[in-house]
Amino acid sequence: FYYCPLILHQYKYMHVLHVFCLLEWEEEKYEDGIKWKFLEHKGPYFPPEYQTLPDDVKFYYNGKPVKLSLPAEEVALFFAQMMDHEYTTKEVFRNNFFRDWRKEMTLEERQLIMDLNKCDFGELHAMHKQKVEARKNLSKEEKLVNKEANQKIVDEYGYCVLDHHRERIGNFKIEPPGLFRGRGDHPKQGMLKKRIQPEDAIINCSKDSRIPEPPAGHRWKEVRHDNTVTWLASWTENVQGSCKYVMLNANSKLKGEKDWEKYEVARKLKTCVDAIRAQYQEDLKSKQMGTRQRAVALYFIDKLALRAGNEKEEGETADTVGCCSLRVEHITLHDTLDGQKCVVEFDFLGKDCIRYYNKVPVIKRVFKNLKLFMENKQGGDDLFDRLNTQLLNKHLSSLMPGLTAKVFRTYNASITLQQQLKELRNSECLENVAEKLLSYNRANRAVAILCNHQRAPPKTFEQSMANLQAKIDSRKEQLDLAKKELKQAKKEAKGSSDNKLVVEKKKKAVQRCEEQLLKMEVQATDREENKQIALSTSKLNYLDPRISVAWCKNMEVQLDKIYNKTLRDKFAWAIDMTEHDFVF
DNA sequence: GTGTGGACTTAGAAACTTAGGC
DNA sequence: GCCTAAGTTTCTAAGTCCACAC
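If you look chain A up in an unreviewed UniProt entry, it shows as DNA topoisomerase I from Sinocyclocheilus grahami. Looking at the Sequence similarities (unreviewed entry) heading of the UniProt record, one finds this comment for chain A: "Belongs to the type IB topoisomerase family."

In structure tokens, the structure reads:
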């Protein structure tokens, strides 16, 4: 891999000797499902134990001070710390919190504290805010001391050895206890996320490694040696009952290989996507209802980059859907809308409760099928009642090995970036770096819109936009002034060599002003267009980094203008192997 | 086939750090 | 040097997909 000069060499020429290198690559890999031969680490890092409140900070119930037991006090503080957040005003959050909090109380406390509305966390909340403020106002030296202490923890717990490579661990810290913050209308929001003890943690490492020591006075739940998985430690989280894992950082060899593989599968789809599209167009006419539903779903997944949409257990999570789990109430059919025919209006909550709203003209056959699927159904009924993600993926893997619904998202995202970069390059004159970067961001934005990657507009957005506009205005005035001065200087310069120097100076000033103005105007455009769109998710997860690396080479833009340190680390494999002529 | 759990990727928010303007 | 806004990193929730049991 990229740490090994020999393999690095192979990487460089992989695009030329693709097949050959695949074989070489295979040689590097272990047999079936084996992820490593040697794994050594220090175990996860546990958050500090809870420290009781100072005597002068009191909790009040019904106006009277109450000294809580340690466990009840800790949970009360979790709530107090969140009081500036909207969460704590929500009925569901409050009820869940109160129910779980009462479980932590002593019998006596439980008999006293019956109503959350009579609880006064004011002093706890104030203390928390004060602590946050104090941390902010620490002196430079104190901050440095903290930084060094943190670094020490990273040095000790943040790395592991995996097959002779020292690798960074992604999340070596055990998640601290707190109140569960589900997204959207999550039925479990506010529930207590319990403190994890070493007795809850499973350690995974090799037999012949130094087994990590549990914290003093504790023991591990289990130490196992399973080299078919990549995690170093795991525990079961109490709110949803799911597993949490300690895994490697994205810049590790293991993760990098997997990432490369993901993009190679997506590139393979490129070679057969036409045939697959032709097939699902045919399937739209199938006599089998299931096949037709599959074809329509695939049409959506391909055209709109929808997620697969697994079934979810009702009442356990927020009500969100993907393609296969769409319900009748999530779409509206319009025979004509705004002058377009066969328009489907989508309105549903997707992953993380992000709203997907889109009006899309579709081909007639899809439209007719949708009408058919919706016949005699209520809003709450499944649109695709004969389809689920298992069936869909089983079909897809028969069309191409490794093909699943999410490959379409990767493929369509990457191919869109590539096309957009090409188009923008041809249609716009891209002279300076700022304009080039704007065009890159626009291409990136097209992908983010396709994948519906949204963000909450920054709280200070309007203000900061106004500030920028004010700066632009004042710079314009400056430019006007500079131009006048230049004119004047030119007049005076005639005949005098001394004054020629002044002219040159004034010229430079005008030029500088113009450059700065352009830069700001480009920045304003970029920021406005980006108000509610998150570019980072697609950059990190969907766009083949080789497209971006090749673009930088062709456009003579430094890579660090589009990739920060983290991204450059994660995509080290792509940076090493990509030449300017790379095509996705 | 269907249900379930495990392992892994993808996701936006929040916390923290740095850069740039005054 | 100080303050603010932008950029980066951390955090952990919420998806996908597969294997395995029945």
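Now that the structure has been shown, the text picks up again.
*Asks:* Mind showing me how you'd approach the pairing of strand 11 (residues 233–236) here?
*Replies:* Moving residue by residue along a regular strand, the side chains alternate between the two faces of the sheet. Relative to strand 11, strand 9 (residues 202–204) is paired through two bridges, and the arrangement is antiparallel. Following the sheet pairing, Ile203 is matched in strand 11 by Ala233. Of the pairings in the sheet, the one linking strand 11 to strand 12 (residues 243–246) comprises four bridges and is antiparallel in character. Residue pairing in the sheet places Trp235 in a bridge with Lys244 of strand 12. Connecting strand 11 to the next strand, strand 12, in antiparallel fashion are six residues, including Gly241 with a positive phi near 75°.

*Asks:* How do you make sense of the protein's contact with DNA strand C when you look at a structure like this?
*Replies:* Around DNA strand C, 34 residues are found, and the nearest of them are Arg307, Ala308, Thr404, Lys406 and Thr566. By residue class, the composition of the surface near DNA strand C is five nonpolar, 18 polar and eleven charged.

*Asks:* Help me understand the protein's contact with DNA strand B in this model?
*Replies:* Taken together, 25 residues surround DNA strand B, and among them Val229, Thr230, Arg455, Ala456 and Thr537 come closest. Of all elements in the fold, only strand 12, helix 8 (253–283) and helix 16 (536–541) reach the threshold of two or more residues within the surface near DNA strand B. With three residues, helix 8 is the largest single contributor of residues to the surface near DNA strand B. For the surface near DNA strand B, the class distribution of residues is nine nonpolar, seven polar and nine charged.

*Asks:* Help me out: how do you make sense of the UniProt feature "active site" (unreviewed entry) in chain A in this one?
*Replies:* UniProt's entry tags Tyr542 with the feature "active site" (unreviewed entry), counted in the numbering of this structure. Along the chain, Tyr542 falls in the loop between helix 16 and helix 17 (545–555).

*Asks:* What should I look at first to understand the packing of helix 3 (residues 70–81) against helix 6 (residues 122–136) in this one?
*Replies:* Describing two packed helices takes the angle between their axes plus the distance from one axis to the other. Running from N to C, helix 3 and helix 6 point in directions that differ by 65°, and their axes come no closer than 8 Å. For the element pair helix 3 / helix 6, the angle class is roughly perpendicular. Relative to helix 6, the crossing made by helix 3 is right-handed. Here helix 3 contributes Ala76, Leu77, Ala80 and Gln81 to the contact with helix 6, which in turn contributes Leu124, His125 and His128. Partitioning the contact of helix 3 with helix 6 into residue classes produces four nonpolar, three polar and no charged.

*Asks:* Would you mind going over the confidence of the model for chain A with me for this structure?
*Replies:* Close reading of the predicted structure is inappropriate where its pLDDT is low. Put simply, chain A has an average pLDDT of 89, and 93% of its residues get 70 or more. Per-residue pLDDT stays below 50 along residues 1–27; that stretch engages in 24 contacts with residues further than four places along the chain or on separate chains.

*Asks:* How do you make sense of the nonpolar core when you look at a structure like this?
*Replies:* One recurring pattern in soluble globular proteins: nonpolar side chains tend to sit buried together. Ala297, Phe300, Ile301, Cys323 and Val447 are the most contacted members of the largest nonpolar core, which has 60 residues in total. Elements that contribute at least two residues to this core include exactly helix 8, helix 9 (289–304), helix 10 (364–374), helix 11 (389–399), helix 12 (405–427), helix 13 (433–450), helix 17 and helix 19 (572–577). With eight residues, the single largest contributor to this core is helix 9. If we skip the residues at most four places from it in the chain, Ala297 touches Cys323, Cys324, Phe384, Leu387 and Leu392.

Each value, and the rule that gives it
- Sequence positions are assigned chain by chain, starting from 1 and proceeding in written order.
- The order in which chains are written sets their letters, starting at A; the order in which ligands are written sets their numbers, starting at 1.
- Residue-level local features of this predicted model are given only where pLDDT is at least 70; pairs of side-chain atoms are given and counted only at 80 or more, and the full residue set underlies all totals for whole chains, interfaces and linings.
- UniProt positions are given in the numbering used here, feature names are shortened, and annotations may be inferred rather than shown by experiment.
- Here, a strand pair is defined by DSSP locating no fewer than two bridges between the strands.
- Helical segments are the DSSP runs of H or I of at least four residues, strand segments are the runs of E of at least two, and each set is numbered from the N terminus.
- Note on definitions: a residue is near a molecule or strand provided its C-beta atom, placed from the backbone, lies within 6 Å of it.
- Following the grouping adopted for this structure description, the nonpolar residues are Ala, Val, Leu, Ile, Met, Phe, Trp, Tyr, Cys and Pro, the charged ones are Asp, Glu, Lys and Arg, and the polar ones are all others, Gly among them.
- To obtain an axis, a line is fitted to C-alpha atoms, over the contacting stretch when the element is a helix, and the angle between two such axes runs from 0 to 180 degrees between their N-to-C directions.
- Angular relationships are summarised with four words: roughly parallel below 35 degrees, roughly antiparallel beyond 145, roughly perpendicular across 65 to 115, and oblique for the angles in between.
- By convention, the crossing between two helices is left-handed when the near helix turns anticlockwise from the far helix through less than a right angle, and right-handed when the turn is clockwise.
- Throughout, a pair of residues is in contact if the C-beta atoms placed from their backbones lie within 7 Å.
- pLDDT is a per-residue confidence score from the predictor, ranging from 0 to 100.
- The term nonpolar core refers to a set of buried Ala, Val, Leu, Ile, Met, Phe, Trp, Tyr and Cys residues connected through C-beta atoms within 7 Å.
- Burial is judged by counting the other C-beta atoms within 10 Å of a residue's own C-beta: 20 or more makes it buried, 12 or fewer makes it exposed, and any count in between marks it as partly exposed, with every C-beta position built from the backbone.

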